[in-house]
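These are the residues of each chain, in order.
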Amino acid sequence: PLADHLRHVEEAARRIADALGLPPELRQPLLVAARHHDVGKARPVWQRSVGNINGEKPWAKSGRGGALFGLDGYRHEFGSLVDVQDHPDLTALKTDDERELALHLIAAHHGRGRPHFP
């Protein structure tokens, strides 16, 4: 399930931040990005593409590997950016730089957000 995946990624990011001794201004954006990096996968178009037709419990992965079909150019990273814009986790970050870092980490977590989406 998508919720489990997001929780596991956040836990891994927390362990990494702790091991590196990241200061709060880097740690918090990293954790926000980890918590929200794949929320764009909850959208119906992405859920249909992985075979979850009813979409009641969003999936994080298809379980079958390979290309996804029917996305018509949709990128879940961009959907995640849109969905997190007004989320309290993002708006609670203290500075514009922290918010921009969180958004960049979400956009680029598959390497396709540099410097923009294709």
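Since this is a predicted model, take the numbers as computed values, not measurements.

Peer 1: Describe the overall build of the protein chain, with residues and values.
Peer 2: When helices and strands are tallied, the protein chain shows six helices and zero strands. A compact globule built from 118 residues should have a C-alpha radius of gyration of about 13 Å, and the protein chain, at 15 Å, falls within 12% of that. Overall, the C-alpha framework of the protein chain stretches about 40 × 25 × 25 Å when taken along its three principal axes. Out of the 118 residues in the protein chain, the part that is buried amounts to 35%. Excluding contacts between residues fewer than 6 apart, the proportion of contacts in the protein chain whose partners are at least 24 apart in sequence is 62%. Just so you have it, the protein chain exposes about 7200 Å², and 57% of that area is on carbon and sulfur atoms. When the 16 positive and 16 negative side-chain charges of the protein chain are each reduced to one mean point, those points stand 6 Å apart.

Peer 1: Which residues make up the side chain of Ser49, and what values go with them?
Peer 2: Within the element layout of this structure, Ser49 appears in helix α3 (residues 44-49). A polar atom in the side chain of Ser49 sits 2.6 Å from the backbone oxygen of Trp46. Each residue touching Ser49, except ones within four places of it in the same chain, is listed here: Arg64, Leu68, Phe69 and Leu71.

Peer 1: Please set out the packing of helix α4 (residues 76-84) against helix α6 (residues 96-107) residue by residue, giving values where relevant.
Peer 2: Here α4 crosses α6 at 150°, and the two axes come no closer than 8 Å. Between α4 and α6, the crossing angle belongs to the class labelled roughly antiparallel. The segment α4 lies against α6, with Glu77, Ser80, Leu81 and Val84 engaging Leu103, Ile106 and Ala107. Residue composition of the contact of α4 with α6, grouped by class: five nonpolar, one polar and one charged.

Quick notes on the rules
Residues numbered from 1 in each chain as written. Predicted model: local features only at pLDDT ≥ 70, side-chain atom pairs only at ≥ 80, totals over all residues. Heavy atoms only, no water. Helix = DSSP H or I, 4+ residues; strand = E, 2+ residues; numbered from the N terminus. Rg over C-alpha atoms; globule rule 2.2 N^0.38 Å. Buried < 20%, exposed > 50% of the residue type's maximum accessible area, 1.4 Å probe, protein only. Contact = heavy atoms within 4.5 Å. Areas by Shrake-Rupley, 256 points an atom, 1.4 Å probe, with all protein chains shown as cover. Lys, Arg positive; Asp, Glu negative; His and termini not counted. Charge placed at Lys NZ, Arg CZ, Asp CG, Glu CD. Polar contact = N/O pair within 3.5 Å; in protein donor to acceptor, adjacent residues only side chain to side chain. Axes fitted to C-alpha atoms, helices over the stretch in contact; angles between N-to-C directions. Parallel < 35°, antiparallel > 145°, perpendicular 65-115°, else oblique. Nonpolar A, V, L, I, M, F, W, Y, C, P; charged D, E, K, R; others polar.

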